[in-house]
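Read off the chains here:
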Amino acid sequence: MSLSSTRTQYRHRWRVLMVLFGFLLAGLVIVAPSLSTAASAAPVSAATATCDPPDEQEETDWRFSGFIKFNDEPLPCVTVTIEGNGFSATTVTNDKGRWELFVPEKAEYTLTVDESTLPEGVIVEGESASQTVTFDLTGKKTVNLFLGEGVRETTSFSEQLMNSLFRGVVFGLMLALASMGAALIYGTTGLSNFAHGEMVSWGAIVMMIISTIWDAPLWIGITAAVLAGVGLGFALDAGLWRPLRRKGLGIVQLLVVSIGLAIALRSFYQILIKGNVYEVPGQNVSEFPLGPIKTTYINLIIAGVSIVVILGVAFFLTSTRLGKATRAISDNPSLAAASGINVESVVRLVWMLAGGLAALGGVLWAYYLRGVKFDMGTSMLLLIFAAITLGGLGTAFGALIGSVIIGIVVEVSPLFIPSDLKFAGALLALILILLVRPQGLLGRKERLG
């Protein structure tokens, strides 16, 4: 082999090596940024993590536990807090990403992950780092938390206030449907109906059975629920309240009967649908921006339906003979009877109207709560009484105003006090207003003695 051919062969080899080295260098330039990003986003390993050990807890029969991992790697030193029912406790995850929290009793709690203790760029997947947790049949519940990359968006106080005010108005309009019926019953009969919450539950249960269990169209379920509410109002008055009125029972006796009726109906609902929470068609929807607020089309439908029905009730009370007779009986039953008004017929109509309004309110309440449960109306009963007391006993329009005020207070108060106390905030507002105006906003002063 000649010297020139040997040099040519070595020169060719060097060229191949230089090309390979160039490809390798280009690959490092391309891959290096992604490697550095992955290294910065990688969770803290158990070997390098140092954190304070979790506080010792008093062991009970009720325990929540779970794992926190990211990309199948455990995250140590993440702070987890649980609150609810007057109890609060905090812990941190161990080197395997496991956490454990004991609670004093079986109840509903709020589980929160402190995202400031997570690696940078890692958040809890979902709208919030907090979630509601409850026990099943046993006293142990595992809650594994899913993490993802991203940045948690925060809203200003003014945006939170505007959203709370909007939700409060929607909630108040929905509450007004049930409150106006209860106010009409009180105005015409003097009865504080403690079974009115079960009349609300009845509408939601009928709608759920027809539209969810029987899989009928939703409009059929809602129509059947309203008709069933009207029928329940008719049956209660015809079979129970009218005979008791004829026997001359006093208000206290009737009040005790209504409490017993509420317990009986609630027990019947529990036998009918058990203690489960049932979904209703179309309840899981996402929010969308509507100007400066975020809402769902369900909230818009609730507000629209409530406004239309309230306007219909207002027209009935102010522009029809039966409506004017109802108002006359509310003002003075004896004078109305002396004027030739058939009081019993009007009272029967009021019970049917109240039953229909309560049932429709129950349907909307089911969508607001995103589920149907046998005792769902009980949680609304106290707010109903607060609304009709605040607005003025016996006046439907006062119940409307009181309901809107109660709804706004319920939704706005969690901005200033714990959400567990939001109903207590509504009752506090009721007390403060009654201290200034004992007869309610639209009530009349009455002389005693």
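Residues numbered from 1 in each chain as written. Predicted model: local features only at pLDDT ≥ 70, side-chain atom pairs only at ≥ 80, totals over all residues. Heavy atoms only, no water.

Trainee: Explain the packing of aromatic side chains here, please?
Mentor: Evaluated as defined, the whole model comprises eight aromatic pairs. The interplanar angle of 10° and the centroid separation of 5.9 Å between the aromatic rings of Trp-365 and Tyr-368 together place this pair among those described as stacked. Taken as a pair, Trp-365 and Tyr-368 lie in helix 9 (residues 343-369) at a separation of three residues, close to a single helical turn. Among the aromatic residues, ring-to-ring pairing joins Phe-171, Trp-365 and Tyr-368 into one connected group. (Phe/Tyr/Trp six-rings, centres within 6.5 Å; stacked < 30°, edge-to-face > 60°. Helix = DSSP H or I, 4+ residues; strand = E, 2+ residues; numbered from the N terminus.)

Trainee: Hey, could you run me through the packing of helix 2 (residues 157-189) against helix 7 (residues 321-331) in this one?
Mentor: Between two packed helices, the angle of one axis relative to the other and the distance separating the axes together describe the packing. Here helix 2 crosses helix 7 at 60°, and the two axes come no closer than 7 Å. Regarding the angle of helix 2 to helix 7, the classification is oblique. By crossing handedness, the relation of helix 2 to helix 7 is classed as left-handed. The residues of helix 7 that touch helix 2, namely those facing Leu-184, Gly-187 and Thr-188, are Thr-326, Ile-329 and Ser-330. (Axes fitted to C-alpha atoms, helices over the stretch in contact; angles between N-to-C directions. Parallel < 35°, antiparallel > 145°, perpendicular 65-115°, else oblique. Left-handed = near helix turned anticlockwise from the far one by under 90°. Contact = heavy atoms within 4.5 Å.)

Trainee: Looking at this structure, I do not really get the nonpolar core. What am I missing?
Mentor: A general trend in soluble globular proteins is that nonpolar side chains are found buried together. Ranked by size, the top nonpolar core spans 79 residues in total, and within it Trp-241, Val-372 and Ile-406 carry the most contacts. Contact partners of Trp-241, with chain neighbours within four places excluded, come to Leu-191, Asn-193, Leu-236, Leu-254, Val-257, Ser-258, Leu-261 and Trp-351. Counting 22 residues, the second-largest nonpolar core is a separate cluster that includes Phe-64, Leu-111, Val-133 and Val-143. (Core = buried A, V, L, I, M, F, W, Y, C linked by side-chain atoms within 4.5 Å. Buried < 20%, exposed > 50% of the residue type's maximum accessible area, 1.4 Å probe, protein only.)

Trainee: Please clarify how the side chain of Glu-198 should be interpreted in this entry.
Mentor: Mapped onto the elements, Glu-198 comes out in helix 3 (residues 196-213). Glu-198 gets classed as buried once you look at its relative accessible area, which sits at 1%. Contact partners of Glu-198, with chain neighbours within four places excluded, come to Ala-262, Leu-265, Arg-266, Tyr-269 and Thr-378.

Trainee: Looking at this model, I keep getting lost on the sheet that holds strand 8 (residues 130-133). Mind explaining?
Mentor: In sheet architecture, strand pairing relies on hydrogen bonds along the backbone and comes in two forms, parallel and antiparallel. In space, the four strands of this open sheet follow the order 4-3-6-8, with antiparallel pairing throughout. Looking along the sheet, the strands with just one partner apiece sit at the ends: strand 4 (87-92) and strand 8. Between one strand and the next, the sheet's axes are offset by a mean angle of 20°, whatever the strand orientation. Here six bridges tie strand 3 (residues 79-84) to strand 4, and the two strands are oriented antiparallel to one another. (Pairing = 2+ DSSP bridges.)

Trainee: Which parts of the structure should I look at to understand unusual backbone geometry?
Mentor: Note: most residues except glycine have negative phi, and most peptide bonds are trans. Positive phi is not limited to glycine here, since Cys-77 has a value of about 65°. With respect to the helices, strands and loops of the structure, Cys-77 is situated in the loop between strand 2 (73-74) and strand 3. One non-glycine residue, Arg-370, lies in positive phi territory at about 60°. Looking at the element boundaries, Arg-370 is found in the loop between helix 9 and helix 10 (378-391). On the accessibility criterion, Arg-370 (41% relative accessible area) is partly exposed.

Trainee: What exactly am I supposed to notice about the packing of helix 3 against helix 4 (residues 218-246) here?
Mentor: One way to put it is that helix 3 packs onto helix 4 with a least axis distance of 8 Å and a crossing angle of 145°. Judged by the twist between their axes, the crossing of helix 3 over helix 4 is right-handed. Across the interface between the two elements, Met-199, Trp-202, Gly-203, Val-206, Met-207, Ile-210 and Ser-211 of helix 3 pack against Leu-218, Ile-220, Gly-221, Ile-222, Ala-224, Ala-225, Ala-228, Gly-229, Leu-232, Gly-233 and Leu-236 of helix 4. Looking at side-chain class alone, the contact of helix 3 with helix 4 contains 13 nonpolar, five polar and no charged residues. (Nonpolar A, V, L, I, M, F, W, Y, C, P; charged D, E, K, R; others polar.)

Trainee: Help me out: how do you make sense of the environment of Ser-419 in this one?
Mentor: Mapping Ser-419 onto the fold places it in the loop between helix 11 (396-412) and helix 12 (422-436). Remark: the alpha-carbon pair of Ser-419 and Gly-84, spanning 335 residues in sequence, is separated by 9.4 Å.

Trainee: How should the pattern of salt bridges be read in this particular structure?
Mentor: It is possible for side chains bearing opposite charge to pair when their charged atoms get close. Enumeration according to the criterion identifies eight salt bridges in this entry. Among the ionic pairs, Glu-411 bridges to Arg-167, the shortest N-O distance being 3.4 Å. In this pair, Glu-411 sits in helix 11 while Arg-167 sits in helix 2, placing the two residues 244 residues apart along the sequence. Relative accessible area serves as the criterion here: at 10%, Glu-411 is assigned to the buried category. (Salt bridge = Lys/Arg side-chain N within 4 Å of Asp/Glu carboxyl O.)

Trainee: Sorry, what's going on with helix 10 here?
Mentor: Residues spaced three or four apart along an α-helix face the same direction, because each turn holds 3.6 residues. Between the first and last C-alpha of helix 10 there are 21 Å, a value that for 14 residues agrees with the 20 Å anticipated at 1.5 Å per step. Within helix 10, 10 of the 14 residues are buried, leaving the element largely enclosed by the surrounding structure. Taken residue by residue, helix 10 has Met-380, Leu-381, Leu-383, Ile-384, Phe-385, Ala-386, Ala-387, Ile-388, Leu-390 and Gly-391 as its buried positions. Where the residues of helix 10 are buried, they touch helix 2, helix 3, helix 9, helix 11 and helix 12. Immediately beyond the C-terminal end of helix 10, within one or two residues, lies Gly-392, with a positive phi of roughly 120°. (Expected span 1.5 Å × (residues − 1).)

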